[in-house]
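# Observations on the model geometry
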Amino acid sequence: MVKGDPFFLYILTSCIVNGVYCLLTQKIAHPGGNNQIDEKTAASHRFKNWNASLKEAKVIPDVISAEVPQPLKVEYMDDNIEFGTLVEYNPMNEQPFSLDWEYENKEFYTIVVSDPDFPDPKKPLRKEYLHWMVTNMEEGFIREGNVIAPYVPPSKKHLETCLGLHRIVLVLYKQLKGKINVSPDLYTSPDDLDIDYVEPFNREKVSSKCFAKENNLAPLAANYFTMQMDDLPEEYVR
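Notes on the structure in this doc start here. Keep in mind the model is a prediction, meaning the values are calculated, not measured. (Residues numbered from 1 in each chain as written. Predicted model: local features only at pLDDT ≥ 70, side-chain atom pairs only at ≥ 80, totals over all residues. Heavy atoms only, no water.)

### Quick look at the sheet that holds strand β7 (residues 98-100)
Here three strands make up an open sheet; going across it, the order is β5-β4-β7 and the pairing antiparallel. Edge positions in the open sheet fall to β5 (80-81) and β7, since each of these has one partner strand only. Bridge count between strand β4 (residues 73-75) and β5: two bridges; the pairing is antiparallel. When the bridges of β5 are listed, Val74 appears paired with Ile81. (Pairing = 2+ DSSP bridges. Helix = DSSP H or I, 4+ residues; strand = E, 2+ residues; numbered from the N terminus.)

### A few points about the pattern of salt bridges
Where side chains of opposite charge bring their charged atoms close, a pairing between them can arise. In this structure the tally under the stated criterion is six salt bridges. Close ionic contact of Asp117 with Arg167 constitutes a salt bridge, the shortest N to O distance being 2.8 Å. Here the residue Asp117 occupies a position in the loop between β8 (108-115) and β9 (129-138), and Arg167 occupies one in strand β11 (residues 165-175), the gap between them amounting to 50 residues. Taking the relative accessible area as the measure of exposure, Asp117 reaches 6% and is therefore buried. In this structure Arg167 comes out as buried when scored by relative accessible area, which is 12%. In this structure, Arg143 and Glu144 form a salt bridge, with 3.9 Å as the shortest nitrogen-oxygen distance. Salt bridges linked by common partners bring Asp62, Asp117 and Arg167 together as one network. (Salt bridge = Lys/Arg side-chain N within 4 Å of Asp/Glu carboxyl O. Buried < 20%, exposed > 50% of the residue type's maximum accessible area, 1.4 Å probe, protein only.)

### Let's talk about the side chain of Asn136
Within the secondary structure layout, Asn136 lies in strand β9. Residue classification places Asn136 among the buried positions, given a relative accessible area of 6%. For Asn136, the side chain forms a polar contact with the side chain of Asn146, separated by 2.7 Å. Dropping the residues within four chain positions of it, Asn136 is found in contact with Phe108, Tyr109, Thr110, Glu144, Gly145, Asn146, Gln175, Lys179 and Ile180. (Polar contact = N/O pair within 3.5 Å; in protein donor to acceptor, adjacent residues only side chain to side chain. Contact = heavy atoms within 4.5 Å.)

### What about the nonpolar core?
Formed by 29 residues in total, the largest nonpolar core has its most connected members in Leu72, Trp101, Ile111, Leu172 and Phe225. Only β8, β9, β11 and β12 (217-228) provide two or more residues apiece to this core. Leave out the neighbours within four places in its chain, and Leu172 touches Leu72, Trp101, Tyr109, Thr110, Ile111, Met137, Ala218, Pro219, Leu220 and Ala221. Core analysis: the next-biggest nonpolar cluster, separate from the first, contains 26 residues, Trp50, Ile60, Leu217 and Tyr224 among them. (Core = buried A, V, L, I, M, F, W, Y, C linked by side-chain atoms within 4.5 Å.)

### Structural notes on the pairing of β12
Among the 12 residues in β12, nine count as buried, and that is most of the element. For strand β3 (residues 70-71) and β12, the ladder comprises two bridges, and the chain directions are parallel. Its bridge partner lying in β12, Pro71 is registered against Ala222. Bridge count between β11 and β12: 11 bridges; the pairing is antiparallel. Residue Lys174 lies in a different strand from β12, and its bridge partner there is Ala218.

### Points about the packing of aromatic side chains
Inspection of every chain in the model, using the stated rule, returns six aromatic pairs. Relative to Tyr224, the ring of Phe83 lies with its centre 6.2 Å away and its plane at 75°, an arrangement referred to as edge-to-face. Of the two residues, Phe83 sits in the loop between β5 and β6 (85-88) while Tyr224 sits in strand β12, which places them 141 residues apart along the sequence. Neither Phe83 nor Tyr224 differs from the other in exposure class; each is buried. Geometrically, the ring pair formed by Trp101 and Tyr103 is edge-to-face, given 6.2 Å between the ring centres and 70° between the ring planes. Relative accessible area serves as the criterion here: at 5%, Trp101 is assigned to the buried category. Taken together through their ring pairs, the aromatic side chains of Trp101, Tyr103 and Tyr109 make up a single cluster. (Phe/Tyr/Trp six-rings, centres within 6.5 Å; stacked < 30°, edge-to-face > 60°.)

From the geometry alone we can't say anything about function, so treat these as descriptive.
Here is the structure:
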């Protein structure tokens, strides 16, 4: 086979094209590993700098006072939540499907989901809005905990007075003195205690930091996403 041979030229052209294609489509690999990841997963590398992300978004100090030892991995039915993920027009009707953190056996934990920008980031006069609280979770099992504040979706469909871009913050606390006793009617109307669906009750002007201090809770892990509350499409308001 010589350079002038048409078959040689065909082979040469194929090699060049395939080589360029591989360069253009190659994916990023985890350092020290063979796993390949796409662009979306690459964004999750911010987990390595979770405290910097929390500070940049002012979750520290607005919701928690200091850095946390680990990031909180959060999964809704449709997708994982990365630090700062912008969720547009998704009603998030169901509570998180999964929470993942490094827990210790025989220890108890509390999850608090709140909005420090309620009702308007420019004038958050009624912050924080409490979306969800479960106490006394053991070994990472949400269903084993006590639901103190049933889940209220963070969306304009449910909170019509909201405006602007809101941070929705999820903080996982370690209960330093074992199980805690929080009144079941603190965030649920006594009239709703025996029914499946409850109307939001006493959810405004909640302080995560004060609740943690009163109940001997130490922030262990955190995450947050943002949600746009302006210009909601009509189909999401119905």
